[in-house]
Amino acid sequence: MPEPGVHIGSGKVRELYALGEDRLLLAASDRISVFDVVLPTPIPDKGRVLTGLSAFWFARTQHIVPNHLLAIRPDGRSLECGRLDMLPLEFVVRGYLAGSGWRDYRATGAVCGHALPPGLLESERLPHPLVTPATKAATGHDENISEADAAELVGREQYTEAREVALALYGFGAAHASARGIVLADTKFELGADEAGRLMLADEALTPDSSRFWPADSYAAGGPQPSYDKQFVRDWCERTGGDKAPPGPELPADVVEGTRARYAEAFELLTGIPFARYLDDPQVVRAA
Ligand code: Q0Z
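Note that the structure is a prediction, hence the values are computed from the model and not measured.

About the thresholds
- Residues numbered from 1 in each chain as written.
- Predicted model: local features only at pLDDT ≥ 70, side-chain atom pairs only at ≥ 80, totals over all residues.
- Heavy atoms only, no water.
- Helix = DSSP H or I, 4+ residues; strand = E, 2+ residues; numbered from the N terminus.
- Rg over C-alpha atoms; globule rule 2.2 N^0.38 Å.
- Buried < 20%, exposed > 50% of the residue type's maximum accessible area, 1.4 Å probe, protein only.
- Areas by Shrake-Rupley, 256 points an atom, 1.4 Å probe, with all protein chains shown as cover.
- Pairing = 2+ DSSP bridges.
- Axes fitted to C-alpha atoms, helices over the stretch in contact; angles between N-to-C directions.
- Contact = heavy atoms within 4.5 Å.
- Core = buried A, V, L, I, M, F, W, Y, C linked by side-chain atoms within 4.5 Å.
- Parallel < 35°, antiparallel > 145°, perpendicular 65-115°, else oblique.
- Nonpolar A, V, L, I, M, F, W, Y, C, P; charged D, E, K, R; others polar.
- Arc of directions from axis to C-beta.
- 1 Å grid on protein atoms, 1.4 Å probe; cavity = no way out; pocket = protein on both sides within 12 Å on 5 of 7 lines; lining within 4 Å.
- Points joined across faces, edges and corners; volume = space filled by probe spheres on them.
- Near = heavy atom within 4 Å.
- Polar contact = N/O pair within 3.5 Å; in protein donor to acceptor, adjacent residues only side chain to side chain.

Visitor: Can you walk me through the overall build of the protein in this structure?
Guide: A count of helical and extended segments in the protein gives seven helices and 16 strands. The C-alpha atoms of the protein give 19 Å as radius of gyration, which agrees with the globular expectation for 288 residues (19 Å, within 12%). Each principal axis of the C-alpha atoms in the protein carries an extent, and together these give about 55 × 50 × 35 Å. The buried share of the protein, taken over its 288 residues, is 51%. For the protein, the computed accessible surface area is about 13,500 Å², with 53% contributed by carbon and sulfur atoms.

Structure, rendered in structure tokens:
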């Protein structure tokens, strides 16, 4: 195991380590969270699917914005990254009306301050993608803020550049996914600045943990859509009841296997690369 590094942060399912002064190691575990609760049962290779997908997108979006990726570790679940000054914002891009966006629209006719035409259905495609920035709350739940407040937080020039980048990345990811039978309903980007002040894409990008992916063949507006990756787990949790409170239930073997297969299938559809090839040599995702 090469330099583990100094542990500097934990997400729900990922760990962050410092590698000296200017590099970080982002390590994705096999943990899965459902209804915002991390389950005690891991999904084998889920961390590798997410890491491989992130690296795949980083390699293919450099024409839109440079990114923090330096190297994929041979374990396939960790990325060496350049350390950036992170913008204190998440750039959520929504192409469809789902989740909190749908709840907001039903209550107010708008999504995070963006007025929308009346009569839209749950999961309907929006007239155009929206950027709905959120602040990264230290206490877990991110808080949506208006674009005006976001611009005030980081400066109007930097905000404008970052929102254009986020829209271009969403457009690229959504078109790529759509050609492969997957709807990219929405996604979240984190951006930072390098030592020269240049805007860079950071964190993870266009993974199932940072995005809503829906199977295109069953897509129909007018209700909630099944999640490409987590639907088996959600359905099983709903069937077996429980109060959606921590620690969450242990998953049975068939739900683990079915979910593992869905993650691998999402990887293969989106990348066109057999997942077994990635396990054999993670560097395959970097080649164009
Ligand atoms: C990402 C996070 C995780 C916990 C900080 N390139 C970068 N430079 C500076 N900071 C970050 C990055 Cl990616 C950075 N996070 C999110 C990830 C565990 C928190 F794996 N926090």
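Here the narrative resumes, following the displayed structure.
Visitor: Even after reading the chapter, I still don't get the sheet that holds strand 2 (residues 14–19), so can you show me in this structure?
Guide: Strand-to-strand pairing in sheets goes through backbone hydrogen bonds, with the strands running parallel or antiparallel. Strand order in this open sheet of five strands is 1-2-3-7-6, and the pairing throughout is antiparallel. Among the strands making up the open sheet, the edge pair consists of strand 1 (6–10) and strand 6 (69–72). Mean inter-strand twist for the sheet, computed between neighbouring axes without regard to direction, equals 25 degrees. Against the sheet, helix 1 (residues 46–60) makes contact with strand 3 (23–28), strand 6 and strand 7 (78–82), and its axis sits at roughly 40 degrees relative to strand 7, the strand it touches most.

Visitor: Please explain the nonpolar core as it appears in this structure.
Guide: One recurring pattern in soluble globular proteins: nonpolar side chains tend to sit buried together. Core analysis: the biggest nonpolar cluster contains 65 residues, and Phe 91, Phe 189 and Val 285 have the highest contact counts within it. If one sorts the elements of this core by residue count, helix 4 (residues 156–178) sits on top with eight residues. Contacts of Phe 189, omitting those with residues within four sequence positions, involve Leu 89, Glu 90, Phe 91, Val 93, Ala 166, Leu 169, Tyr 170, Leu 201 and Leu 206. The next biggest cluster of nonpolar side chains, apart from the first, holds nine residues, and it includes Val 111, Cys 112, Leu 126 and Leu 130.

Visitor: Just to check I follow, could you spell out the packing of helix 5 (residues 231–239) against helix 6 (residues 253–271) for this structure?
Guide: It is at 8 Å that the axes of helix 5 and helix 6 come closest, and there the two elements cross at 150 degrees. Classed by the angle they form, the pair helix 5 and helix 6 counts as roughly antiparallel. Across the interface between the two elements, Phe 232, Val 233 and Trp 236 from helix 5 touch Val 255, Gly 258, Thr 259 and Arg 262 from helix 6. Partitioned by chemical class, the residues of the contact of helix 5 with helix 6 number four nonpolar, two polar and one charged.

Visitor: Quick question: what am I supposed to make of the pairing of strand 6 here?
Guide: Each regular strand shows side chains that alternate between the opposite faces of the sheet. The pairing of strand 6 with strand 7 spans three bridges and is antiparallel. Counted as the bridge partner of Ala 71 is Glu 80 from strand 7.

Visitor: Can you help me understand helix 2 (residues 99–108) in this one?
Guide: Within helix 2, burial applies to Gly 101, Trp 102 and Tyr 105. Along the axis of helix 2, the buried residues cluster in a sector spanning 95 degrees; they form a single face. Across helix 2 from its buried face, at more than 90 degrees, point the exposed residues Arg 103, Ala 107 and Thr 108. Taken together, the buried residues of helix 2 touch strand 9 (89–96) and strand 10 (110–111). The positive-phi residue at the C-terminal boundary of helix 2 is Gly 109, with phi of around 75 degrees.

Visitor: Looking at this structure, how should I read the layout of surface pockets?
Guide: The probe, sized like a water molecule, is rolled over the atoms to show the empty space still left. Of the voids in this model, the second largest pocket is the one considered here, and its volume is about 190 Å³. Elements with a minimum of two residues in the lining of the second largest pocket: strand 9, strand 12 (125–135), helix 4 and strand 14 (182–193). The element contributing the most residues to the lining of the second largest pocket is strand 12, with five residues. Looking at side-chain class alone, the lining of the second largest pocket contains eleven nonpolar, three polar and one charged residues.

Visitor: I tried to follow empty space enclosed by the protein on my own but got confused; where do I start?
Guide: Within the structure shown, the criterion is met by one cavity of 30 Å³ or more. Approximately 90 Å³ is the volume found for the largest cavity. The set of elements that each furnish at least two residues to the lining of the largest cavity consists of strand 3 and helix 1. Split by residue class, the lining of the largest cavity holds five nonpolar, two polar and three charged.

Visitor: Which parts of the structure should I look at to understand the site of the ligand?
Guide: In the vicinity of the ligand there are 13 residues, among which Leu 26, His 68, Gly 82, Leu 84 and Asp 203 approach most closely. Gly 82 is positioned with one of its backbone polar atoms (N or O) 2.8 Å from a nitrogen atom of the ligand. Here Leu 84 contributes a backbone N or O atom positioned 2.9 Å from a nitrogen atom of the ligand. In the complex, the protein chains occlude 83% of the 470 Å² of accessible area that the ligand would expose alone. At the level of elements, strand 2 and strand 3 are the ones that each hand at least two residues to the shell around the ligand. Among the elements that line the shell around the ligand, the one with the most residues is strand 2, at three residues.

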